[in-house]
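Single-letter residue listing:
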Amino acid sequence: EDQVTQSPEALRLQEGESSSLNCSYTVSGLRGLFWYRQDPGKGPEFLFTLYSAGEEKEKERLKATLTKKESFLHITAPKPEDSATYLCAVQAGKTSYDKVIFGPGTSLSVIP
Amino acid sequence: GAVVSQHPSWVICKSGTSVKIECRSLDFQATTMFWYRQFPKQSLMLMATSNEGSKATYEQGVEKDKFLINHASLTLSTLTVTSAHPEDSSFYICSAIRGRGWTQYFGPGTRLLVL
């Protein structure tokens, strides 16, 4: 069965304290892995799409990497405004309209 | 990034009434849109896939007569919660794929509270 897990469930960091969030997946035939940021009471905001193992993408303080079994979202020198829930999702279907499976998310709190 | 809007952003209604939620792709055409439901402290659960000009595809356990989906144009999909009850209270979010990409872009969500 296709599955996506994320760890840790919650993470509390001091401002400037770098860390990584993990997304592990078991799917047959990964088409794409997605990272989203979700603020309370809002829809998910797109961050990255990764398609193949070894791929990396960066945006400001965030860097996403992908292996054959997991993805990491590295946060360098986080700021309080980075506090949010980070969602990982995978697509394993034949088309982009097939079901995307979401992980439970990691709730990040960055303390000033 | 692609822009997806939802209306209304929140709604409070009495038990037994029907509520319509609109999802629009503002700067692109979307032949397929998705409807999700999210409970507090939980992740997104796909309810149905909305296809322009054809019937929606519902996930197992989602009542199609309860949650009516109409994808009338390439930029608009609507979700109608019929005869809403308190257990239907939730956060409903739509998404759409732009062009031939694989990435779903999400709307801001609609908070539904049924009294």
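Overview of the structure. Model, not experiment: these values are computed from the prediction.

**As for the overall build of chain A**
Within chain A, the secondary structure is distributed over zero helices and eleven strands. When the elements of chain A are put in sequence order from the N terminus, they spell out β-β-β-β-β-β-β-β-β-β-β. Over its C-alpha atoms chain A spans a radius of gyration of 14 Å, differing by no more than 12% from the 13 Å that the globule rule assigns to 112 residues. With the principal axes as the frame, chain A shows a C-alpha extent of 45 × 30 × 20 Å. A fraction of 55% describes how many contacts in chain A between residues 6 or more apart in sequence connect residues 24 or more apart. The centroid of the 13 positive side-chain charges in chain A is displaced by 4 Å from the centroid of its 15 negative side-chain charges.

**Quick word on the sheet that holds strand β8 (residues 76-81) of chain B**
Residue and element names in this part refer to chain B. Spatially, the four strands line up as an open sheet ordered β1-β3-β8-β7, and their pairing is antiparallel. The outermost strands of the open sheet, each flanked by one partner alone, are β1 (4-7) and β7 (67-73). Strand-to-strand twist across the sheet, computed as the mean angle between neighbouring axes with direction ignored, equals 20°. Pairing geometry for β1 and strand β3 (residues 19-25), over four bridges, is antiparallel. Following the sheet pairing, His7 is matched in β3 by Glu22.

**Some details on the environment of Gly43 of chain A**
You can see Gly43 of chain A is positioned in the loop between β4 (32-38) and β5 (45-50). Here Gly43 of chain A falls in the buried class, since its relative accessible area comes to 12%. In contact with Gly43 of chain A, not counting residues within four places along its chain, are Arg37 and Gln38 of chain A together with Phe91, Ile93, Gly107 and Pro108 of chain B.

**Examining the interface of chain B and chain A**
The partner chain A presents 23 residues to the 23 residues of chain B that form the contact. The contact between chain B and chain A buries some 1700 Å² in all, and 61% of this surface belongs to carbon and sulfur atoms. On inspection of chain B and its partner chain A, the count reaches zero salt bridges. Along the contact surface separating chain B from chain A lie five residue pairs in polar contact (both at pLDDT 80 or more). Only β4 (32-38), β5 (45-51), β9 (90-97) and β10 (104-106) of chain B provide two or more residues apiece to the side of chain B that touches chain A. The element contributing the most residues to the side of chain B that touches chain A is β4 of chain B, with four residues. When grouped by side-chain class, the residues that make up the side of chain B that touches chain A number eleven nonpolar, ten polar and two charged.

**Here we look at the pattern of salt bridges**
For the structure shown, the criterion picks out seven salt bridges over all chains. Salt-bridge contacts for Arg37 of chain A lead to Asp39 of chain A; the nearest nitrogen and oxygen are separated by 3.1 Å. Measuring nitrogen to oxygen at the nearest pair gives 3.5 Å for the salt bridge that ties Arg24 of chain B to Glu22 of chain B. Residue Arg24 of chain B is classed as partly exposed on the basis of its relative accessible area of 34%.

**A word on the state of the cysteines**
Two cysteines, two sulfur atoms, one covalent bond between them: this is a disulfide. A complete count under the given rule lists two disulfides over all chains for this structure. Across the disulfide from Cys23 of chain A sits Cys88 of chain A; the S-S distance is 1.9 Å. Judged by the torsion about the S-S bond (-60°), the Cys23 of chain A/Cys88 of chain A disulfide is left-handed. Remark: Cys88 of chain A occurs in strand β9 (residues 84-91) and Cys23 of chain A occurs in strand β3 (residues 19-26); sequence separation between them is 65 residues. Looking at Cys23 of chain A, the relative accessible area reads 0%, which means it is buried. Across the disulfide from Cys23 of chain B sits Cys94 of chain B; the S-S distance is 2.0 Å. The sign of the 80° torsion about the S-S bond sets the Cys23 of chain B-Cys94 of chain B disulfide as right-handed. In this pair, Cys23 of chain B is assigned in strand β3 and Cys94 of chain B in strand β9, connecting sequence segments 71 residues apart. What makes Cys94 of chain B buried here is its relative accessible area of 0%. With no disulfide of its own, Cys13 of chain B lies closest to Cys94 of chain B among cysteine sulfurs, the gap being 19 Å.

The rules behind these values
- Residues numbered from 1 in each chain as written.
- Chains lettered and ligands numbered in written order.
- Predicted model: local features only at pLDDT ≥ 70, side-chain atom pairs only at ≥ 80, totals over all residues.
- Heavy atoms only, no water.
- Helix = DSSP H or I, 4+ residues; strand = E, 2+ residues; numbered from the N terminus.
- Rg over C-alpha atoms; globule rule 2.2 N^0.38 Å.
- Contact = heavy atoms within 4.5 Å.
- Lys, Arg positive; Asp, Glu negative; His and termini not counted.
- Charge placed at Lys NZ, Arg CZ, Asp CG, Glu CD.
- Pairing = 2+ DSSP bridges.
- Axes fitted to C-alpha atoms, helices over the stretch in contact; angles between N-to-C directions.
- Buried < 20%, exposed > 50% of the residue type's maximum accessible area, 1.4 Å probe, protein only.
- Buried area = accessible area lost by both parts, 1.4 Å probe.
- Salt bridge = Lys/Arg side-chain N within 4 Å of Asp/Glu carboxyl O.
- Polar contact = N/O pair within 3.5 Å; in protein donor to acceptor, adjacent residues only side chain to side chain.
- Nonpolar A, V, L, I, M, F, W, Y, C, P; charged D, E, K, R; others polar.
- Disulfide = S-S within 2.5 Å.

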